[in-house]
Amino acid sequence: MSKESILKKDGVSYVLPFILITACFALWGFANDITNPMVKAFSKIFRMSVTDGALVQVAFYGGYFAMAFPAAMFIRKFSYKAGVLMGLGLYAVGAFLFFPAKMIGAYPCFLLAYFILTCGLSFLETSCNPYILSMGTEETSTRRLNLAQSFNPMGSLLGMYVAMNFIQARMDPMSTADRALLSDEQFNVLKDHDLSVLISPYLTIAIVIAVMFVVIFFVKMPKNNDQSHAINFIPTLKRLIHVKHYREGVIAQFFYVGAQIMCWTFIIQYGTRYFMLEGMEERAAEVLSQRFNIFAMIFFCCSRFICTFFLRYINPGKLLSILAVCAMVLTVGVIYFQNRYGVYCLMGVSGCMSLMFPTIYGIALQKLGDDAKFGAAGLIMAILGGSILPPFQASIIDLKEILGYPAVNLSFILPFICFVVVAIYGYRMYRLRI
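Within each chain, residues carry numbers counting from 1 in the order of the written sequence. Side-chain atom pairs in this predicted model are given and counted only at pLDDT of 80 or more, local residue features only at pLDDT of at least 70, and totals for whole chains, interfaces and linings cover all residues. By convention in this description, side-chain values take in all heavy atoms of the structure and omit both hydrogens and water.

Peer 1: Describe in detail the overall build of the chain, supporting the description with residues and values.
Peer 2: The secondary structure content of the chain amounts to 22 helices and 4 strands. In this description the radius of gyration comes from C-alpha coordinates, and the expected globular size is given by 2.2 Å times residues to the power 0.38. The C-alpha radius of gyration of the chain comes to 21 Å, within 12% of the 22 Å expected for a compact globule of 434 residues. C-alpha atoms of the chain, sized along the principal axes, occupy 65 × 45 × 40 Å. Residues counted as buried form 60% of the 434 residues belonging to the chain. Segments assigned H or I by DSSP are reported as helices when at least four residues long, segments assigned E as strands when at least two residues long, and all are numbered from the N terminus. To sort residues, take the accessible area from a 1.4 Å probe on protein chains only and compare it with the maximum for the residue type: under 20% means buried, over 50% means exposed, and anything in between is partly exposed.

Take a look at the structure:
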């Protein structure tokens, strides 16, 4: 099909709405990937274990889970545009709350801010993904969503860059071990400095989100699939549960998101360990690990565009299963190698993950019609995998060694299992020709 047909339906062009909604993909990508390195940052600032630091991810992805179905009911009652605006509003409020959290200086206050921020992201993803699917023919829906999702890693790259250069590089260079020796007074002075550094990017993005809210509020947006405003929650849920490709898609998405967050969060711990063994100081090792994380995201971004092109010629389920198997092989390398080669394998995993989220999403929502609004909520709730699985990996990493083998390496058995689930889903959907 021609490129033009992707953004046209019944003679109506959706170019401007597509651009505005696609910009939202970049905005939540920024939030996701400025947050992953904060597990390590908060662990240092508050002198906590990796497991306690991983509560950032629990709060972050817990917001996705908690708000997904309320967001779907809100969208069903009103419209996709209303859902987008609500999402942007909560996103901005959560980001602005970083300022009072810093003034209070308590870790739980930051967790609350993250939770509210991601309630907004839940609204955005529940709205934007099916909205993009509706901006053209159903035959091109998966390609269209992959194109929009291609701009998500661009926001992610910016988030990583900001985390590395405006947070990690500007925090006090004192190591974790030295921080543990500080008196309470010295610790509070250092904590106040580092929190001031940490909150600045969040306050800046809050202003950007507020501007985006105003722009979308005043632009006329299409009302695709907004015909029915009845909630009908239970009947719709019953219908969805009996749709095989949707039901299994929710399960696959849970494990995929868990794998993604584990790989992108703990590359910092993984890389820091081996770079310090090479003789680097802790902060330099952390910054270099984040640089590798950025390279991984660049690879992810390029791979997304390449794989979107291949979807013209390869069944989505087949391509999904191929990439998942490749990710499994590379994850074995992450577990086995005890040097930089493991970091390189972890970067390669990012390239394999590029197509997974939107492809699972697109396959799962095919032929759902107006039920896609609640269907989208179920798939966003599956992002809970990013909240549940990383703490398990963090608890393994905290063991330091298991039978003489680095625990940080062995912890990547969890992403491996996740990719097995995704590979099975892709193969089954290919067999069903969905």
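Peer 1: So what's going on with the environment of Phe 25? Which residues, and what values?
Peer 2: Inspection of the secondary structure puts Phe 25 in helix α1 (residues 15–35). When the C-alpha atoms of Phe 25 and Glu 125 are compared, they prove to be 8.0 Å apart, with 100 residues separating the residues in sequence.

Peer 1: I'd like a rundown of a nonpolar patch on the surface, residues and numbers included.
Peer 2: Each patch is built from residues that are more than 30% exposed by relative accessible area and take part in no salt bridge. Like charges join if they lie within 9 Å; nonpolar side chains (Val, Leu, Ile, Met, Phe, Trp, Tyr) join within 5 Å. Only the protein chains shown count as covering a residue, and every accessible area follows the Shrake-Rupley method with a 1.4 Å probe. The salt bridge criterion pairs a side-chain nitrogen of Lys or Arg with a carboxyl oxygen of Asp or Glu, the two atoms within 4 Å. Residues Phe 96, Ile 207, Val 211 and Val 215 make up a contiguous nonpolar surface patch of about 350 Å² in total accessible area. Relative to the elements of secondary structure, Val 215 occurs in helix α11 (residues 184–218).

Peer 1: Please set out the nonpolar core residue by residue, giving values where relevant.
Peer 2: Put simply, buried Ala, Val, Leu, Ile, Met, Phe, Trp, Tyr and Cys residues joined by side-chain atoms within 4.5 Å make one nonpolar core. Membership of the largest hydrophobic core comes to 140 residues, with the highest contact counts inside it found for Phe 42, Tyr 91, Leu 198 and Met 356. The dominant element in this core, judged by the number of residues it contributes, is helix α7 (residues 107–133), at 12 residues. It only takes one pair of heavy atoms within 4.5 Å for two residues to be counted as in contact. Not counting residues up to four positions away in its chain, the partners in contact with Leu 198 are Met 38, Ala 41, Phe 42, Ile 45, Phe 98, Phe 110 and Ile 167.

Peer 1: Lay out the pattern of salt bridges in plain terms, naming residues and giving numbers.
Peer 2: The full count for this structure, using the stated rule, is 8 salt bridges. Residue Lys 40 pairs with Glu 282 through a salt bridge whose shortest N-O separation is 3.5 Å. Within this pair, whereas Lys 40 is found in helix α2 (residues 38–45), its partner Glu 282 is found in helix α15 (residues 282–310), the two being separated by 242 residues in sequence. A residue is classified by how much of its surface remains accessible, and Glu 282, at 12% relative accessible area, is buried.

Peer 1: Go over the packing of helix α9 (residues 152–168) against α15 with me, naming the residues and quoting the values.
Peer 2: To define axes, lines are fitted to C-alpha atoms, for helices over the stretch in contact only, and angles between the resulting N-to-C directions are given on a 0 to 180 degree scale. At a closest axis distance of 9 Å, the pairing of α9 and α15 adopts a crossing angle of 170°. Between α9 and α15, the angle is such that the two are roughly antiparallel. Split into classes, the residues belonging to the contact of α9 with α15 amount to 14 nonpolar, 4 polar and 4 charged. Throughout this description, any angle smaller than 35 degrees is read as roughly parallel, any larger than 145 degrees as roughly antiparallel, any in the 65 to 115 degree range as roughly perpendicular, and the remainder as oblique. Nonpolar residues are Ala, Val, Leu, Ile, Met, Phe, Trp, Tyr, Cys and Pro. Charged residues are Asp, Glu, Lys and Arg, and all others, Gly as well, are polar.

Peer 1: Tell me about the side chain of Asn 409, residues and numbers included.
Peer 2: Summarising the element assignment, Asn 409 is placed in helix α21 (residues 407–410). Whenever two N or O atoms come within 3.5 Å, that pair is a polar contact, provided that in protein one can donate a hydrogen and the other can accept it, and provided that, for residues adjacent in sequence, both atoms are side-chain atoms. Engagement of the side chain of Asn 409 in a polar contact is seen with the backbone oxygen of Ile 335, the distance being 3.2 Å. Apart from the residues within four sequence positions on either side, Asn 409 is in contact with Tyr 270, Tyr 274, Val 334, Ile 335, Phe 337 and Gln 338.

Peer 1: Pulling in residues and values, what's your account of helix α4 (residues 55–77)?
Peer 2: Taking 1.5 Å of rise per residue, 23 residues should cover 33 Å, and α4 covers 33 Å from first to last C-alpha, within 8% of that figure. Think of it this way: the bend at a residue is just the angle between two axes, each fitted to seven residues, one set ending at that residue and the other starting at it. Along α4, the helix axis deviates most sharply at Met 67, where the bend reaches about 40°; the proline Pro 70 sits within four residues downstream. Expected helix span is given by 1.5 Å per residue-to-residue step, counting one fewer step than there are residues.

Peer 1: I'd like to hear about the packing of aromatic side chains, residue by residue, with values.
Peer 2: Here a Phe, Tyr or Trp ring, Trp counted by its six-membered ring, pairs with any other such ring whose centre lies within 6.5 Å, and the pair is stacked when the planes are under 30 degrees apart, edge-to-face when over 60, and tilted otherwise. A complete count under the given rule lists 36 aromatic pairs for this structure. Ring geometry for Phe 60 against Tyr 64: centres 6.2 Å apart, planes inclined by 55°, an arrangement best described as tilted. In this pair, Phe 60 and Tyr 64 both sit in helix α4, 4 residues apart, roughly one turn of the helix. Relative to Tyr 344, the ring of Phe 292 has its centre 6.0 Å away and its plane inclined at 45°; by these criteria the two rings are tilted. Of this pair, Phe 292 sits in helix α15 while Tyr 344 sits in helix α17 (residues 340–353), and the two are 52 residues apart along the sequence. By relative accessible area, Phe 292 is classed as buried at 8%. Members of the aromatic cluster, connected to one another through ring pairs, are Phe 42, Phe 46, Phe 60, Tyr 61, Tyr 64, Phe 98, Tyr 107, Phe 110, Tyr 114 and Tyr 202. Comment: the charge-over-ring label is applied if NZ (Lys) or CZ (Arg) is within 6 Å of the ring centre and within 35 degrees of the ring normal. One cation-aromatic arrangement involves Arg 47 over Phe 187; the distance from NZ or CZ to the ring centre is 3.8 Å.

Peer 1: Kindly report on the environment of Gly 317, identifying the contributing residues and their values.
Peer 2: Note that Gly 317 resides in helix α16 (residues 316–336). Each residue touching Gly 317, except ones within four places of it in the same chain, is listed here: Ile 363, Gly 426, Tyr 427 and Tyr 430.

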